[in-house]
Amino acid sequence: MTDFRQTLEKEISGSYTIERELGGGGMSRVFLANEKQLDRRVVIKVLPQNVAAGISVDRFRREIQLAAKLQHPHIVPVLASGEISGRPYFTMPFIEGESLREKLDREGEMPLPDALRLLRQVASALAYAHKHGIVHRDIKPANVMIGDEFALVTDFGVAKAIGASAVTKEGAPTITAAGTAIGTPAYMSPEQAAADPHVDHRADIYSLGVLAYEMLCGMPPFSGRTTQAVVAAHIVQPPEPILNRRPNLPPWVADLVMRCLAKRPADRPQTANDVLQILKQGEQVTTGGTTVPVLPAARKPRPRYLWYIVAGIIVALAVAATNYFVFVRKNTSGAGDEIRSVAVLPLVNVGGTGQDEYFSDGMSDELANALNKIPGLRVASRTSSFTFKGRKDMDVSEIGRRLNVQAVLEGTVRRAGQRLRVTGQLTSTHDGLSLWSDSYEREAKDVFAVQEDIARSIANALKLRLAPKGVAGETSGTENLQAYDAYLRGRYFWNARGAENLRRAITHFDQAIAADPRFARAYAARAMAYGLLPQYTDASPADALEKTRSDAKRALETDSTLAEAYTALGVASVNAWDWDAAEAAYRKAIALEPSYPTAHQWYGELLYTTSRLDSSVAETRRARDLDPLAPILATALGYALITAGRYDEALVEARRGLEVAPNLGVLHSITSMAHLFAGDAANARSEMEIAVKADPELVLRKGQLAFVYGKTGDRAKALQTIEEMKRRGATENTNQVAFAIAYIALGENDRALTLLENAVKRHDIGLLTAAAPLDDPTYAPVRNDPRFRRILDQMDLSRFRR
């Protein structure tokens, strides 16, 4: 790496000064440089050695010269080309901004107007290039730069240049030139995937459809599969209809995307200009115009489509054969060969007292954490698995279907005095057969060894390899049994939430830390508890903020890889209204542990607080997908959808959560608000009344009930609810947000704004936990008031206004 850069700097020093390497992919190494003669920054892209060795430099140069002729506002032009030590290179302008890949990774699905604008610009670039005989063949987010909100397509002609110039040592065309697939698997057209030697411009239209699908849904059509499976899917499998993933899209947008994704080129729009015209007409419809976009009729298929029909059949047969050997072989070689996902059901506490429940639950959590360290094994999240605690009415096949796992681990824990007995059984959800079972009886002090033994035994049963560092040390974080016992008790109460449970959790974490002052996970857990405390109690936000930060930093001093500690720092920063620090902390947590639902959930909540609504929906949906049966995640996603104005979708998510937790007040509250803003007054009132009954001591819930009454025209009941709040001890000095939203519904905006101003002075995080003030429809009547804008200024939220 360093040697080549030195070579590059030496050979081009007369014309360029290298600033730094920007990275690159399989097609090139990319350097940022200054072009001396014109004093401008350029990007130098050098083909890697393994690619350069198989191509003709002269042919590559001729092909890249064709691309250099393209001059279009949305195409990054080729400036120059050359050769360095036998490796072709070319230069392009440096674009200030970011790639669409970086934007999608950060924000997820895009707001519809932004997506349509960028798609129109990319389609315009394709239409121009196709008119001049240049097919891109590698349209993907990484090849779309965004500078000043404009899309610029890069690397036009590079894929074709590599393919056309590929030769053997004797100078004859290689298989690459003859038709091996060139492109990126996730965005590759069926004809590219099938190595059709006559790929034309309609391959770019398919890739544009994949690009649009990802921009609107947050992920491409066939995500989450192996490369081979993705290639096969592009050839033979219809993508899931985009309306299933984003139901509120205008029909014309959904139709255009799915037409672009047609398997047969003849069934797609036939030119990029066709797509461009549809997008232009459609944007008029979306913004209030009357023109209804209609796609041109499809042309008859060309005979060469048979090439990739045959190739598709071959790939499909290969996949079928693979599936045969993966799934049928278990009858002769053991079911463990193909198990790659498991759920740890709550271990049953037997022979002890109810006070030992924390221990069996904690053992379940720790076993799940241990199994999570096994490479190649996906473990269902804790919240979803614990949904089945005590359920005897559901067999393992149904549990497997709901959790999307191939096996479940069940067992019992018996603790009597200093003796510990743990039994475990791993069962296939496919046929209910036992894959492994064993029991362990040890001294209680050997609890860590028991966890390690069980995890290793299951790994052996699954024929998987444990992580190199082992399990027990990484799982427990302490060798002190007293500290570990206190930690398990704390986790038990933290998972239960609620004011009293959080306080008890903190007490137990205190004991764990006292027993082992270097117990990083105990510090991280206590930080999370302190971070939530102001949301459930009247604890001082400032005091909780300081304790959260302190504990999170102590955890990271001992273990810098704890995602939970960074998540705690994120919620502390949210409570401090330091939005940038919160985002950095959440993104760090997700990078360390991508499957941690809480980090995705809280990051999603930060995104709706800062008005990035579509990104919020995408992030909270990721959390829900990671932990599909967690009611709190149905709440988070439901609220994100409400702030985005997608009320019907919010109702779907809330109902899904209520199926699991029918008595959870906050879910009834979300359901009520979705009904209210969708115009269903009767259901809005009944659902909020249920929510108040579920949370009788929560003042905010009564404020929301008064709001619903006021908004549905029953001023008398709203006033009656306010008086009841006061009779039960709530005051406008201590519960400003609850009273403020009630007064907003009654049209007493000045009174409501005074309360909100007082809440800001007290740094009351209820401003966020009650509702995100920027976009929550609750605040619509006061949103444009100068006093409300000053409140947003004080919270540093005005800069996020769209």
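Residues numbered from 1 in each chain as written. Predicted model: local features only at pLDDT ≥ 70, side-chain atom pairs only at ≥ 80, totals over all residues. Heavy atoms only, no water.

Caption draft 1: Summary view of the overall build of the protein. When helices and strands are tallied, the protein shows 38 helices and 14 strands. The buried share of the protein, reckoned over its 802 residues, is 55%. Looking at the protein alone, contacts between residues at least 24 apart form 61% of all its contacts between residues at least 6 apart. Element-wise, carbon and sulfur atoms account for 51% of the exposed surface of the protein, whose accessible area totals about 34,000 Å². (Helix = DSSP H or I, 4+ residues; strand = E, 2+ residues; numbered from the N terminus. Buried < 20%, exposed > 50% of the residue type's maximum accessible area, 1.4 Å probe, protein only. Contact = heavy atoms within 4.5 Å. Areas by Shrake-Rupley, 256 points an atom, 1.4 Å probe, with all protein chains shown as cover.)

Caption draft 2: Fine view of the environment of Ala730. If you trace the backbone, Ala730 turns up in the loop between helix 34 (715-727) and helix 35 (736-745). Relative accessible area serves as the criterion here: at 8%, Ala730 is assigned to the buried category. As for Ala730 and Leu700, which are separated by 30 residues in sequence, their C-alpha atoms are 9.9 Å apart.

Caption draft 3: Quick look at the packing of aromatic side chains. Going through the model one piece at a time under the given rule, you end up with eight aromatic pairs. The interplanar angle of 35° and the centroid separation of 6.0 Å between the aromatic rings of Tyr647 and Phe677 together place this pair among those described as tilted. One end of the pair, Tyr647, is in helix 30 (residues 647-660); the other, Phe677, is in helix 31 (residues 665-678), and 30 residues separate them in sequence. A relative accessible area of 22% means that Phe677 is categorised as partly exposed. (Phe/Tyr/Trp six-rings, centres within 6.5 Å; stacked < 30°, edge-to-face > 60°.)

Caption draft 4: Region of the structure containing the pattern of salt bridges. A full pass over the atoms with the stated rule returns 39 salt bridges. Here Arg728 makes a salt bridge to Glu724, at a shortest N to O gap of 3.4 Å. The class for Glu724 is partly exposed, based on a relative accessible area of 28%. Asp796 is the salt-bridge partner of Arg799, the closest N and O atoms lying 3.1 Å from each other. Residue classification places Arg799 among the partly exposed positions, given a relative accessible area of 43%. Relative accessible area serves as the criterion here: at 34%, Asp796 is assigned to the partly exposed category. Salt bridges linked by common partners bring Glu109, Arg246, Asp614, Arg621, Arg646 and Glu649 together as one network. (Salt bridge = Lys/Arg side-chain N within 4 Å of Asp/Glu carboxyl O.)

Caption draft 5: Region of the structure containing helix 33 (residues 699-711). With 13 residues, helix 33 extends 18 Å between its outermost C-alpha atoms, agreeing within 8% with the 18 Å of an ideal straight helix rising 1.5 Å per residue. In terms of burial, helix 33 is a largely internal element, eleven of the 13 residues being buried. What helix 33 keeps buried is the set Leu700, Arg701, Lys702, Gly703, Gln704, Leu705, Ala706, Phe707, Val708, Tyr709 and Gly710. Against helix 31, helix 32 (681-694), helix 34 and helix 35 lie the buried residues of helix 33. Where helix 33 ends, the next residue or the one after it, Gly713, has phi of about 90°, a positive value. (Expected span 1.5 Å × (residues − 1).)

Caption draft 6: Up close: the environment of Leu118. Inspection of the secondary structure assignment puts Leu118 in helix 5 (residues 112-131). Since its relative accessible area comes to 4%, Leu118 is described here as buried. Between the alpha carbons of Leu118 and Leu100 there is a distance of 9.5 Å; along the sequence they are 18 residues apart. Look past the residues within four positions of Leu118 in its chain and what remains in contact with it is Leu100, Met110, Ile146, Glu149, Phe150, Ala151 and Met215.

Caption draft 7: Broad picture of the pairing of strand 2 (residues 29-35). The element strand 2 is extensively covered by neighbouring structure, given that seven of its seven residues are classed as buried. Alternating positions in strand 2 separate into two faces, Arg29, Phe31, Ala33 and Glu35 on one and Val30, Leu32 and Asn34 on the other, with burial throughout. Sheet topology places strand 2 next to strand 3 (residues 40-46); seven bridges connect them, and they run antiparallel. Bridge assignment links Phe31 to a residue of strand 3, and that residue is Ile44. Linking strand 2 back to strand 3 in an antiparallel pair, the connection comprises four residues, with Asp39 at a positive phi of about 50°. (Pairing = 2+ DSSP bridges.)

Caption draft 8: Structural view of the packing of helix 34 against helix 35. Orientation of helix 34 relative to helix 35, taken along the N-to-C sense of each, is 165°, at an axis distance of 11 Å. As the angle between them shows, helix 34 and helix 35 are arranged roughly antiparallel. When the axes of helix 34 and helix 35 are compared, the crossing they make is left-handed. Two secondary-structure elements touch here, helix 34 through Ile722, Met725 and Lys726 and helix 35 through Ala738, Phe739, Ala742 and Tyr743. Grouping the constituent residues of the contact of helix 34 with helix 35 by class yields six nonpolar, no polar and one charged. (Axes fitted to C-alpha atoms, helices over the stretch in contact; angles between N-to-C directions. Parallel < 35°, antiparallel > 145°, perpendicular 65-115°, else oblique. Left-handed = near helix turned anticlockwise from the far one by under 90°. Nonpolar A, V, L, I, M, F, W, Y, C, P; charged D, E, K, R; others polar.)

Caption draft 9: The sheet that holds strand 7 (residues 144-147), seen in detail. Taken together, three strands build an open sheet; the order of strands is 6-7-8 and the sheet is antiparallel. The open sheet has two free edges, formed respectively by strand 6 (98-99) and strand 8 (150-153), since each of these has just one partner strand. Pairing of strand 7 with strand 8 involves four bridges; the strand directions are antiparallel. Considered in strand 8, the bridge of Met145 is made with Leu152.

Caption draft 10: Spotlight on the side chain of Arg783. Structurally, the position occupied by Arg783 is in the loop between helix 37 (766-769) and helix 38 (786-794). Buried charge without a salt bridge: Arg783, with Asp775 as the nearest opposite-charge side chain at an N-O distance of 5.7 Å. From its side chain, Arg783 meets the backbone oxygen of Asp775 in a polar contact 3.4 Å long. (Lys, Arg positive; Asp, Glu negative; His and termini not counted. Polar contact = N/O pair within 3.5 Å; in protein donor to acceptor, adjacent residues only side chain to side chain.)

Caption draft 11: How the structure looks around unusual backbone geometry. The residue Arg137 is not glycine, and still its phi comes out positive at about 70°. Topologically, Arg137 is positioned in the loop between helix 5 and strand 7. At Asp796, a residue that is not glycine, the phi angle is positive and equals roughly 60°. Along the polypeptide, Asp796 turns up in the segment after helix 38.

Caption draft 12: Highlighting the packing of helix 22 (residues 499-515) against helix 23 (residues 520-536). At a minimum axis separation of 9 Å, helix 22 and helix 23 run at an interaxial angle of 155°. Comparing their axes, helix 23 and helix 22 come out roughly antiparallel. Considering the relative orientation of helix 22 and helix 23, their crossing is left-handed. Residues Ala499, Leu502, Arg503, Ile506, Phe509, Asp510, Ala512 and Ile513 of helix 22 touch helix 23, and the partners they reach there are Ala522, Tyr523, Ala525, Arg526, Ala529, Tyr530, Leu532, Leu533 and Tyr536. Here the residues of the contact of helix 22 with helix 23 are counted per class, giving 14 nonpolar, no polar and three charged.

Caption draft 13: Just the nonpolar core, in detail. Core analysis: the largest hydrophobic core is formed by 125 residues, its most contacted members being Leu371, Tyr487, Trp494, Tyr586, Tyr779 and Phe788. Element by element, the count of residues in this core is highest for helix 23, at eleven residues. Judged by nonpolar contacts, the second largest core, of 51 residues, contains Ala127, Ile134, Phe156 and Val210. (Core = buried A, V, L, I, M, F, W, Y, C linked by side-chain atoms within 4.5 Å.)

Caption draft 14: Main features of helix 30. Its 14 residues give helix 30 an end-to-end C-alpha distance of 21 Å, which sits within 8% of 20 Å, the value for a rise of 1.5 Å per residue. Lining the buried residues of helix 30 we find helix 28 (613-626), helix 29 (631-643) and helix 31.

Caption draft 15: Up close: the confidence of the model for the protein. In the predicted model, the protein carries a mean pLDDT of 78, and 78% of its residues have values of at least 70. The secondary-structure element of the protein with the lowest mean pLDDT is helix 7 (residues 175-178), recorded at 34, while helix 34 shows the highest, at 95. Counting contacts from residues 294-337, a segment whose pLDDT is below 50, to residues more than four positions away or on other chains yields 60 contacts. (pLDDT = per-residue confidence, 0-100.)

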